[in-house]
Amino acid sequence: MTITPTSHTHSADVDVLIVGAGISGIGAASHLKSRRPGTSFAVLEGRDSIGGTWSLFRYPGIRSDSDMPTFGFGFKPWTHRKSIADGHLILDYLRQTVRENGLSEHIRFGHQVLSAEFSSSKGRWTVTAQQSGSRKQTRFTARFLFLGTGYYDYEEGFTPEFTGVEDFGGQVIHPQHWPRDLDYSGKRVVVIGSGATAVTLIPSMAGEAGHVTMLQRSPSYVFSAPAEDPITNAVNKLLGHQRAHRLVRRKNIMLTRGMYKACRRAPKLMRRLLIANVRRRLPKNFDVDTHFTPRYNPWDQRLCMVPDGDLFKAISSGRASVVTDRIERFTKTGIRLKSGQEVLADIICSTTWTPTATTPSNRSWTTPTWSGCRT
């Protein structure tokens, strides 16, 4: 973006400029503080709080879909008993990291990056940021640029074009823009999609909603894992979090790699095992072949994990159900499907978005990325 003559421009120079105060940006800043104490750096955050994903998303039940001992920082072992952790626990963890490493003074909130240019002759980046709520701009120069911007468009989450959506008489909600005051108690809720967000929302809403329906075009592989890992908690208790951390992390990585390799080398066997696990967790008359038997092999797409089988419990209790069909159009009272069936709804949540389906209009990068020059 061209800086207009009416803009007030200030300049600042650092060795390293970090864009984004989410988990990647906080991790990079922490490493710089501890391992390169003489290196100057600044963190630019477009919003007014740290946390990235974990402070932006506020939908019911938001949690990690990876185990936190592996997903967390190597320099700060995850200490909570839950390995599959709720979003607020992860946000607390990030706040502790900022506080313990003295990063607050390096973070500049409300700085939306407008442009980034690299000069080969000078060997430096020039980054222009605009402060929120004003036309004031700051130009930063840095030798290295670290992009911890994530892969979401924070302004507008991706939603497919649904025919007749304007005819629907209820509310259409996007998980990225969840209303703080949304009352879904006793309501009929339809969640479109069957990925990580959908399988998180459904059991979380099922306790208060009148009924929740997962409407999917095609099934995904879904498997259950304990929210609290008994082995991890036992090792932590025996050795202490600091000494246990490496063992736990290696164990989790080995298990994940082992499962992935097994799925790739013996897809038919793993397919049978995964689907058999679903059958064990659902009522005997449930149509697993239609709703939980994908057309693709395991790990052709990422497996979808549910902690403690909460999705299967919600379905088994009758508080939630699954419909597998294609959407023809929205109606005044719900969604009409290609089969002719209509799913009635008071609230419709679209979770069909994928982060890579859209990119921020003012950003053309993904994270994390180091860029710079050699001396």
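Reading the values: the criteria
- Residues numbered from 1 in each chain as written.
- Predicted model: local features only at pLDDT ≥ 70, side-chain atom pairs only at ≥ 80, totals over all residues.
- Heavy atoms only, no water.
- Helix = DSSP H or I, 4+ residues; strand = E, 2+ residues; numbered from the N terminus.
- Buried < 20%, exposed > 50% of the residue type's maximum accessible area, 1.4 Å probe, protein only.
- Contact = heavy atoms within 4.5 Å.
- Areas by Shrake-Rupley, 256 points an atom, 1.4 Å probe, with all protein chains shown as cover.
- Pairing = 2+ DSSP bridges.
- Axes fitted to C-alpha atoms, helices over the stretch in contact; angles between N-to-C directions.
- Phe/Tyr/Trp six-rings, centres within 6.5 Å; stacked < 30°, edge-to-face > 60°.
- Patch = residues over 30% accessible without salt bridge, like charges linked within 9 Å, V, L, I, M, F, W, Y side chains within 5 Å.
- Salt bridge = Lys/Arg side-chain N within 4 Å of Asp/Glu carboxyl O.
- Lys, Arg positive; Asp, Glu negative; His and termini not counted.
- Charge placed at Lys NZ, Arg CZ, Asp CG, Glu CD.
- Polar contact = N/O pair within 3.5 Å; in protein donor to acceptor, adjacent residues only side chain to side chain.
- Core = buried A, V, L, I, M, F, W, Y, C linked by side-chain atoms within 4.5 Å.

(A) Fine view of the overall build of the chain. In terms of regular secondary structure, the chain is built from 10 helices and 17 strands. If you line up the chain on its principal axes, its C-alpha atoms span 70 × 55 × 40 Å. Every one of the 375 residues in the chain was classed for burial, and the buried ones make up 47%. Looking at the chain alone, contacts between residues at least 24 apart form 68% of all its contacts between residues at least 6 apart. Carbon and sulfur atoms provide 50% of the accessible area of the chain, an area that totals close to 19500 Å².

(B) How the structure looks around the sheet that holds strand β15 (residues 342–344). Strands sit in the order β13-β14-β15 across an open sheet of three strands; the sheet is antiparallel. The open sheet terminates on both sides in strands that have one partner only, identified here as β13 (327–330) and β15. Put simply, the sheet's adjacent strands are angled 25° from each other on average, direction ignored. Note: strand β14 (residues 334–337) against β15, three bridges, orientation antiparallel. Bridge pairing links Arg336 to Glu342 in β15.

(C) Seen up close, the packing of aromatic side chains. This structure, assessed with the given rule, holds 11 aromatic pairs. An angle of 10° between the planes, with centres 4.9 Å apart, marks the rings of Phe73 and Phe75 as stacked. A centroid spacing of 5.3 Å and a plane angle of 85° characterise the contact between Tyr221 and Tyr296, whose relative ring orientation is edge-to-face. Within this pair, whereas Tyr221 is found in the loop between β9 (211–216) and β10 (222–225), its partner Tyr296 is found in the loop between α9 (288–291) and β11 (304–307), the two being separated by 75 residues in sequence. Judged by relative accessible area, which is 15%, Tyr296 ranks as buried. Joined through ring pairs, the aromatic side chains of Phe73, Phe75, Trp78 and Tyr93 make up one cluster.

(D) Focus on a positive patch on the surface. Side chains of Arg217, Arg295, Arg326 and Lys338 sit close together on the surface and give a patch of like positive charge. Here Arg217 lies in the loop between β9 and β10. For Arg217, a relative accessible area of 61% corresponds to the exposed category.

(E) Spotlight on the side chain of Ser55. Within the secondary structure, Ser55 sits in helix α2 (residues 53–56). Of note is the side chain of Ser55, whose polar atom sits 2.9 Å from the backbone oxygen of Ile50. Those residues within four positions of Ser55 in sequence are excluded, and the remaining contacts are Arg47, Ser49, Ile50 and Leu91.

(F) Examining the pairing of β13 more closely. When β13 meets β14, the two strands line up antiparallel, connected through three bridges. The residue of β14 that forms the bridge with Phe330 is Ile335. Turn length for the β13-β14 hairpin, with the two strands adjacent in sequence and antiparallel, is three residues.

(G) Region of interest: the pattern of salt bridges. Summed over the entire model, instances satisfying the criterion amount to 12 salt bridges. Residue Lys82 is joined to Asp86 by a salt bridge in which the shortest nitrogen-to-oxygen separation is 3.2 Å. Judged by relative accessible area, Lys82 falls into the partly exposed class, the value being 24%. When its relative accessible area of 25% is taken as the criterion, Asp86 is described as partly exposed. Between Arg279 and Asp289 there is a salt bridge, with its nearest N and O atoms 2.5 Å apart. With Arg279 in helix α8 (residues 267–281) and Asp289 in helix α9, the pair connects residues that are 10 residues apart, well separated along the chain.

(H) Quick peek at the nonpolar core. Counting 67 residues, the largest nonpolar core has Ile18, Val189, Val212 and Phe292 as its most contacted members. Beyond its immediate stretch of four places on either side in the chain, Ile18 contacts Gly25, Ala28, Ala29, Leu32, Phe41, Ala42, Val43, Leu44 and Phe146. If you look at the next biggest cluster of nonpolar residues, it comprises 14 residues, including Val19, Val113, Val127 and Leu147.

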